[in-house]
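A look at the structure
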Amino acid sequence: MRYFLDMADGGPFAIPMTTLQTDEQLMTQVVRGDSAAFRQLAGRHLGRAYAIAFRLVHNREDAEEVAQEAVSKVWQKAALFDPSRSAFGTWFYRIVSNAALDRLRRRKPPSENLDDYSEQLSDNAPTGEDLRIMADASRHIKQAIAALPPTQQMAITLVYYEDFSQAEAARIMNITTSALEALLFRGKKGLKQRLTP
């Protein structure tokens, strides 16, 4: 099911928000079948869901599908959300992260062909020598992150790219903070080994 892709005015995930209700208030309405509340809730979170998915799956189409799948699950499984156990964002981004990990598990091993990364770099095509060097470094970093185990990729993405606190990222991943710290440590160690000449 596609809900919000290809919307005009403001990009593929732009949904106007008219009232300021908390996510938890909106979820109460979603449980009752309120599609307007669902659209508002999805509008708040779909862009970030896409960003998280893209950083994990490294492919626009897969990231769109992961984000859409996560939003669909919010509608389908709204009754399972328990605001006493976690904030909506924690619950939702766990759904996004799990959907992205499932997509990675079903995928073939990553290709070593650098042309596979051209789509990711084409939007920011370098115009000078300095920009080419930065693009090359960015490609190497993306490749190094993509070579990490999926749970390390997710930890690094949530903490360093999406600016979640370690405690929030741990809740999203459904692990302890110390387990998250271990994933970050191993992930950074793996990146250092891959990026050091």
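What counts, and at which threshold
Along each chain, the written sequence defines residue order, and numbers are assigned to residues from 1. Only residues with pLDDT of at least 70 are given local features in this predicted model, and only at 80 or more are side-chain atom pairs given and counted; all residues enter the totals for whole chains, interfaces and linings. Excluding hydrogens and water, the side-chain values take into account all heavy atoms of the structure. Helix and strand assignments come from DSSP, with helices taken as H or I runs of at least 4 residues and strands as E runs of at least 2, each series counted from the N terminus. Every helix has an expected span of 1.5 Å times one less than the residues it contains. A 1.4 Å probe rolled over the protein chains alone gives each residue an accessible area, and that area as a share of the maximum for its type sets the label: buried under 20%, exposed over 50%, partly exposed in between. Grouping buried Ala, Val, Leu, Ile, Met, Phe, Trp, Tyr and Cys residues that are joined through side-chain atoms within 4.5 Å yields what is termed a nonpolar core. Any two residues whose heavy atoms approach within 4.5 Å at even a single point are treated as in contact. Patch membership requires over 30% relative accessible area and the absence of a salt bridge. Like charges are linked within 9 Å, and nonpolar side chains (Val, Leu, Ile, Met, Phe, Trp, Tyr) within 5 Å. Accessibility throughout is a Shrake-Rupley quantity obtained with a 1.4 Å probe, and a residue counts as covered only by protein chains that appear here. Here, a salt bridge means any Lys or Arg side-chain nitrogen found within 4 Å of an Asp or Glu carboxyl oxygen. In this analysis, rings of Phe, Tyr and Trp, with Trp reduced to its six-membered ring, are considered paired at centre separations within 6.5 Å, and the interplanar angle assigns stacked below 30 degrees, edge-to-face beyond 60, and tilted for intermediate values. When the NZ atom of lysine or the CZ atom of arginine is within 6 Å of a ring's centre and also within 35 degrees of its normal, the charge is said to sit over that ring. Lines fitted to C-alpha atoms define the axes, with helix axes restricted to the stretch in contact, and inter-axis angles between N-to-C directions lie between 0 and 180 degrees. By the definition adopted for this analysis, an angle is roughly parallel if under 35 degrees, roughly antiparallel if over 145, roughly perpendicular if from 65 to 115, and oblique otherwise. With the far helix as reference, a near helix turned anticlockwise by less than a right angle produces a left-handed crossing, and one turned clockwise produces a right-handed crossing. Residues are grouped as follows: Ala, Val, Leu, Ile, Met, Phe, Trp, Tyr, Cys and Pro are nonpolar; Asp, Glu, Lys and Arg are charged; every other residue, Gly included, is polar.

Look at helix α4 (residues 88–106): 27 Å from first C-alpha to last across 19 residues, which is about the 27 Å you get at 1.5 Å a residue. Among the 19 residues in α4, 14 count as buried, and that is most of the element.

So, on to unusual backbone geometry. Backbone geometry at D163 places phi at a positive 60 degrees, although glycine is not the residue there. One non-glycine residue, N174, lies in positive phi territory at about 65 degrees. When you line up the elements, N174 lands in the loop between α8 (166–173) and α9 (177–195). Of the residues examined, N174 reaches a relative accessible area of 59% and is grouped as exposed.

A word on the nonpolar core. For soluble globular proteins, the rule of thumb is that nonpolar side chains tend to be buried together. Core analysis: the biggest nonpolar cluster contains 50 residues, and M27, F92 and V96 have the highest contact counts within it. Taken together, the elements giving at least two residues each to this core come down to α1 (23–31), α2 (35–57), α3 (60–76), α4, α6 (129–146), α7 (150–161), α8 and α9. Setting aside its immediate chain neighbours within four residues, M27 contacts L41, V74, A78, F81, F88 and W91.

Moving on to a nonpolar patch on the surface. On the surface, I141, Y160, Y161 and L195 cluster together to form a nonpolar patch covering roughly 330 Å² of accessible area. Mapping Y160 onto the fold places it in helix α7.

Applying the stated criterion to the full structure yields 8 aromatic pairs. Measuring from ring centre to ring centre gives 6.0 Å for F81 and F88, while their planes differ by 75 degrees; the resulting arrangement is edge-to-face. Looking at F88, the relative accessible area reads 2%, which means it is buried. Counting every residue linked through ring pairs, the aromatic cluster contains F81, F88, W91, F92, Y93 and F164. Between the NZ or CZ atom of R48 and the centre of the ring of Y93, over which it lies, the distance is 5.8 Å. A cation over an aromatic ring shows up here: R48 above the ring of F164, its NZ or CZ 3.9 Å from the ring centre.

Bringing the pattern of salt bridges into the picture now. Evaluation of the coordinates by the stated rule reveals 8 salt bridges. Residue R44 pairs with D23 through a salt bridge whose shortest N-O separation is 2.8 Å. On the criterion of sequence distance, the pair formed by R44 in helix α2 and D23 in helix α1 is long-range, its members being 21 residues apart. Judged by its relative accessible area of 24%, R44 is partly exposed. When the shortest N-O distance is used, the salt bridge between R103 and E69 registers 4.0 Å. With R103 in helix α4 and E69 in helix α3, this pair connects stretches of sequence that are 34 residues apart. Taking the relative accessible area as the measure of exposure, E69 reaches 25% and is therefore partly exposed. Each of D62, E65, E69, K73 and R103 takes part in a single network of salt bridges with overlapping partners.

The N-to-C vectors of α2 and α7 enclose an angle of 135 degrees; their axes lie 9 Å apart at closest approach. Taken together, the axes of α2 and α7 are oblique relative to one another. Every pair of crossing elements has a handedness; the one defined by α2 and α7 is right-handed. Residue-level contacts link I52, R55 and L56 of α2 to Q153, M154, T157, L158 and Y161 of α7. When its residues are assigned to classes, the contact of α2 with α7 shows 5 nonpolar, 2 polar and 1 charged.

Relative to the helices and strands, I145 resides in helix α6. By relative accessible area, I145 is classed as buried at 6%. Sequence-wise, I145 and G190 are 45 residues apart; in three dimensions their C-alpha atoms are separated by 8.6 Å. Ignoring any residue separated from it by four or fewer positions in sequence, one finds I145 in contact with Q153, I156, Y161 and L191.

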